[in-house]
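The lines below spell out each chain.
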Amino acid sequence: MGFLRIDESKCKKDGICVGECPLVIIYMKDKESVPEMVPGGEQVCLLCGHCVAVCPHGALSHEKIPIEACSPINKDLVINEEQAIQFLRSRRSVRFFKDKPVEKETLQKLIEIARYAPTGSNSQLVEWTVFTDKEKIRNLAGLTVMAVLKMQ
Ligand code: SF4
């Protein structure tokens, strides 16, 4: 069974999760069987959650990515082509800032959103360090400029 937990009362045995797994570690013995993880699949599973996300029946849960922990996608908020173009075209780099601290809650919310950015093989090898001390920020900016200049 591996990491997968199948609710047999909900599973329609349509094989969508089998086709979606990027590592092809989910299989069905036959058309009447529920999906299973191949033996040893736990060793290579990317923990990407595609299998959980793709099941339209909510029949599949993953030991490390329980279905209860996955917020459903609100289809009313899916952006259309026109909105996507406007979003990308209106993006600007900000180089002037207000002399006002950003609230801790806002910073936490931004990091929480940013962590959904894709990483190679879902490795999520990302750490965040937030500096709020202006002197430290200035020093860090100086060090970054020096490092860039050294690379040239
Ligand atoms: S989490 Fe990703 S890699 Fe692991 S079984 Fe599901 S789809 Fe496959």
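Our subject is the structure that appears above.
What counts, and where the lines are drawn
- Residue positions are given per chain, counting from 1 as you read along its sequence in written order.
- Only residues with pLDDT of at least 70 are given local features in this predicted model, and only at 80 or more are side-chain atom pairs given and counted; all residues enter the totals for whole chains, interfaces and linings.
- Values shown for side chains rest on all heavy atoms present in the structure; no hydrogens or waters enter the calculation.
- Secondary structure is summarised from DSSP: a helix means a run of H or I of at least four residues, a strand means a run of E of at least two, and numbering begins at the N terminus for each.
- With a 1.4 Å probe rolled over the protein chains alone, any residue whose accessible area is under 20% of its type maximum counts as buried; one over 50% counts as exposed, and the rest are partly exposed.
- Here a residue-residue contact requires only that any non-hydrogen atoms of the pair lie within 4.5 Å.
- Neither His nor the chain termini are counted; the positive set is Lys and Arg, and the negative set is Asp and Glu.
- Here the site of a charge means atom NZ of a Lys, CZ of an Arg, CG of an Asp or CD of a Glu.
- Under the rule applied, a polar contact is a pair of N or O atoms within 3.5 Å (in protein, one hydrogen donor and one hydrogen acceptor; residues adjacent in sequence only if both atoms are side-chain atoms).

Enquirer: Sorry if this is basic, but what is going on with the overall build of the chain here?
Expert: From N to C terminus, the chain includes six helices and four strands. From first element to last, N terminus to C terminus, the chain shows the α and β order β-α-β-β-α-α-β-α-α-α. Principal-axis analysis of the C-alpha atoms gives the chain an extent of 65 × 35 × 30 Å. Put simply, the chain has 152 residues, and 16% of those count as buried. Across the chain, every contact between residues at least 6 apart in sequence was considered, and the portion connecting residues at least 24 apart equals 47%. In the chain, the 21 positive side-chain charges and the 20 negative ones have mean positions that sit 9 Å from each other.

Enquirer: Sorry if this is basic, but what is going on with the side chain of Ser-61 here?
Expert: Structurally, Ser-61 can be placed in strand E4 (residues 60-62). A distance of 3.0 Å separates the side chain of Ser-61 from the backbone nitrogen of Ile-67, its partner in a polar contact. Not counting chain neighbours up to four residues away, the residues in contact with Ser-61 comprise Phe-3, Leu-4, Arg-5, Val-52, Pro-66 and Ile-67.

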